[in-house]
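# Descriptive structure summary
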Amino acid sequence: MRRPGLCAFGFRTQIIVCDLERKVGMAREQLRLVLLGVTSLSITIIFCPCGLLLADFGEPPRLLVEDKSGGELAPAREPAPREAKAGVIAAKVGISRADSGGKEAKQKMNIEVKPFGQTPLGEKLDLYSLANSHGLKAEIMTYGAIVVSLQVPDRQGRMDDIVLGYGNLTDYLTKNPYFGAIVGRYGNRIAKGKFTLDGVQYSLAANDGENHLHGGIKGFDKVVWKAEPIKHRDGVGVKLMYLAKDGEEGYPGNLSCTVTYTLTERNELKIEYLATTDKPTVVNLTHHGYFNLTGCQRDILGHEIMLNADRFTPVDAGLIPTGELRLVKGTPMDFTRPTPIGDRVGSNYEQLKFGGGYDHNWVLNGGGRVLVLAARVYEATTGRVMDVLTTEPGIQFYCGNFLDGTITGKKGIVYNHRYGFCLETQHYPDSPNKPNFPSTVLRPGETYETTTIYRFSTRKAVRKQM
Ligand code: GLA
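Predicted model only: the values in this text are computed from it and were never measured.

Counting its secondary structure elements, the chain contains three helices and 33 strands. Expressed as a percentage of its 466 residues, the buried residues of the chain come to 56%. Look at the contacts in the chain between residues 6 or more apart in sequence, and 66% of them connect residues 24 or more apart. Per element, the accessible surface of the chain, about 19500 Å² overall, is 52% carbon and sulfur.

Quick look at the structure:
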C-alpha cells in the first residue's frame, strides 16, 4: 500500500506501508508521534516488512501535518458484513483492545443497528449505534446521515452527550436547523442561487434570503441514505450512500456520494467523503454538528477556540464572501491563539454585525492538500478538548447565533442563544462564483475525496494560585 502526498507548501511526504501485520498498531502510533512531534520538518518514512524504519527529513513546512489517512495505516478494511444489515442487533464486532494487543481492555468495540421509524413517504430509517473500547458512543441515523448523539468523557471519565439534537424523529423531520447532518450537494452559500459552469448557467433555490444555502430545499440533510456497518482493526463505523439525481435541487450530474463515519480507537469521529459524477458539477460536502463540550449545560461562550488560520473570507450582509482573503491579525477574527468564544463576539466589527456573531469561513493555513489541524476547542469546567483535522481548505465557524430558545432538544434542554457551535470543514462559500477560490468543480472521471476528524481528549484542571 503506497500513500504519497504533498505537504504544506509543496514539500513531499511519502509513506510506504508494507506488510506490517501485527506491528501495525505500534507502528501507527510511532508514525503519528513523528508527524505530530516534528513540526518543522518534512519527512519520508518507510516501514519495511522486517520492521526497519527509514526516515528522511526534508525541507521545513510551516504546519502540523499528518498523513492524509489520519494515521490509518492498517491493512485494508475488512468488507462490511452483509448479513449484519438486517435485524435489531446487526453486528457485534467483537474486537477489543486486548484482541489487538493492548492491555487495558474495558469493553468491546460494537455496532448495533435498529429501526428508527420512517419518513412521511414511508421510507424506513435505521439508527446505527457505534461504541469504541474506551466507552465513546455515537448514534447515526440514515435520515440526513445525522449524528444523533455523541458521548465522550470529561476529565473525570464521566460520559456526556456533546452534540445538540432532538429526542424524537418527528422534530428531525420537520424543523432541523441541520443538527448533526451531512449537508450537500453544496454546503454553505451560493450567491443568488446561480452559477455558471462550462458556459451553462444553473439556477438553484433561494432558501436563505436571496441566496442558496446548504444544498437547497431538500439537501442531503433531508434525504434517506443507504447504509451498511463497517469494522476494521481501529474502529467501527457506518458507510452511508446516496445518489443525487441529475437536476436534483437544480444541480447538474448524477452524483454518487459515500460518507463513512468511523468511531476510532483513538477517540475520533472520522468522516470520509467520496463522490463521483457523470456530468461536470460542483460539490462541497460537510458535517453540520453543533457541539457543546459542557454536555449542553450552558452556552458555549466560555469554550476556548483556536483556529489554524491567518486569514478569513469577509462577507457582505447576506454572508456571501466578497472574494477578499483578509488577515485576521488585529481583528476579533484572530483565533490563532486559544481565546474564549465570548471574549470578542460582541465587538464593534462590521463582519460580526453581518454574521450576528461568528458565522464565517476561515482559510486554513496549509489547508486543502493533506490533513491539517484546523481547530482546537477546550472547555475548562469539564476538561474536554476537541481537535478538528481536515483535508479541506476552509472551516466555517458558526457560534449558534440563530439559536434563540425556541428549540427544545434532547433531555428537554432548551437551546438558548449560542448553545452550540459548528466547525464545518469545507471549500469556501460561493466558490462556484469566485474564480480566485479553490475550485469545487467535479468532472466525470474525477473523485471527490476529503477527510475530517473530530478528535476528543481531556486536559487536567489548572490550579489557580491563591
Ligand atoms: C451555517 C450557516 C449559518 C446558518 C447555519 C444553520 O453554519 O453559515 O449561517 O445558516 O448553517 O442555521
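Structure shown, so let's carry the discussion forward.
Attention shifts here to the site of the ligand. Every residue near the ligand is listed here: Y178, R189, L213, H214, H288, Y290, L319, D359, Q396, Y398, F402 and E424. With respect to the ligand, the side chain of Q396 contributes an N or O atom lying 3.3 Å from an oxygen atom. One of the side-chain N or O atoms of E424 is found 2.7 Å from an oxygen atom in the ligand. Considering the ligand on its own, with 300 Å² of exposed area, one finds that the protein chains cover 94% of that surface. In the shell around the ligand, the residues fall into six nonpolar, three polar and three charged.

Glancing now at the pattern of salt bridges. Per the counting criterion, the structure on display carries 16 salt bridges. D234 is paired through a salt bridge with R266; the nearest N and O atoms lie 2.8 Å apart. Taken as a pair, D234 in the loop between strand 17 (226-232) and strand 18 (235-244) and R266 in the loop between strand 19 (255-264) and strand 20 (268-277) lie far apart in primary sequence, 32 residues in all. Here the two residues D234 and R266 agree in accessibility, since each one is buried.

Turning our eyes to something else, we now look at the pairing of strand 17. Consecutive side chains of a regular strand alternate in pointing toward one face of the sheet and then the other. In terms of residue burial, strand 17 counts as a mostly covered element, since six of its seven residues are buried. Examined bridge by bridge, strand 17 and strand 18 share seven bridges and lie antiparallel to one another. Along strand 18, the bridge assignment pairs P229 with V238. Here strand 17 hands over to strand 18 after two residues, the two strands then running antiparallel side by side.

In this section: the packing of aromatic side chains. For any pair of aromatic rings, the description rests on two quantities: the centre-to-centre distance and the angle between the ring planes. This structure, assessed with the given rule, holds 21 aromatic pairs. Ring plane angle 85° and centroid distance 6.0 Å describe the contact between F220 and W225, whose orientation is recorded as edge-to-face. W225 sits in the buried class, given a relative accessible area of 3%. Ring geometry for Y290 against Y398: centres 6.1 Å apart, planes inclined by 85°, an arrangement best described as edge-to-face. A residue pair is termed long-range when its members are at least 10 positions apart, and Y290 in the loop between strand 22 (286-288) and strand 23 (304-307) and Y398 in strand 30 (residues 394-398) qualify at 108 residues. Using a relative accessible area of 4% as the deciding quantity, one classes Y290 as buried. In textbook terms, an aromatic cluster arises when at least three aromatic residues are bridged by ring pairs, as seen for Y166, Y172, F179, Y290, Y398, F402 and Y415. Above the ring of F335, the side-chain terminus of R344 is found at 4.8 Å from the ring centroid.

Chain-level statistics for the chain give a pLDDT mean of 83 and a share of 77% at 70 or above. When the criterion is pLDDT under 50, residues 1-105 qualifies, and its contacts beyond four places in sequence or with other chains add up to 216 contacts.

Moving on, we come to the nonpolar core. If you look at the biggest cluster of nonpolar residues, it comprises 66 residues, and the most contacted ones within it are L150, W225, Y261, Y358, W362, F397 and L423. I146, Y166, A181 and I407 belong to the second largest nonpolar core, which has 20 residues in total.

Moving on, we come to the pairing of strand 14 (residues 194-197). With burial as the criterion, only one face of strand 14 is covered, namely that bearing F195 and L197; the residues K194 and T196 on the opposite face remain uncovered. Hairpin connection between strand 14 and strand 15 (residues 200-203): a loop of two residues separates the two successive antiparallel strands, and D198 in this loop has a positive phi of roughly 50°.

Criteria and cut-off values
- Residues numbered from 1 in each chain as written.
- Predicted model: local features only at pLDDT ≥ 70, side-chain atom pairs only at ≥ 80, totals over all residues.
- Heavy atoms only, no water.
- Helix = DSSP H or I, 4+ residues; strand = E, 2+ residues; numbered from the N terminus.
- Buried < 20%, exposed > 50% of the residue type's maximum accessible area, 1.4 Å probe, protein only.
- Contact = heavy atoms within 4.5 Å.
- Areas by Shrake-Rupley, 256 points an atom, 1.4 Å probe, with all protein chains shown as cover.
- Near = heavy atom within 4 Å.
- Polar contact = N/O pair within 3.5 Å; in protein donor to acceptor, adjacent residues only side chain to side chain.
- Nonpolar A, V, L, I, M, F, W, Y, C, P; charged D, E, K, R; others polar.
- Salt bridge = Lys/Arg side-chain N within 4 Å of Asp/Glu carboxyl O.
- Pairing = 2+ DSSP bridges.
- Phe/Tyr/Trp six-rings, centres within 6.5 Å; stacked < 30°, edge-to-face > 60°.
- Lys NZ or Arg CZ within 6 Å of the ring centre and 35° of its normal.
- pLDDT = per-residue confidence, 0-100.
- Core = buried A, V, L, I, M, F, W, Y, C linked by side-chain atoms within 4.5 Å.

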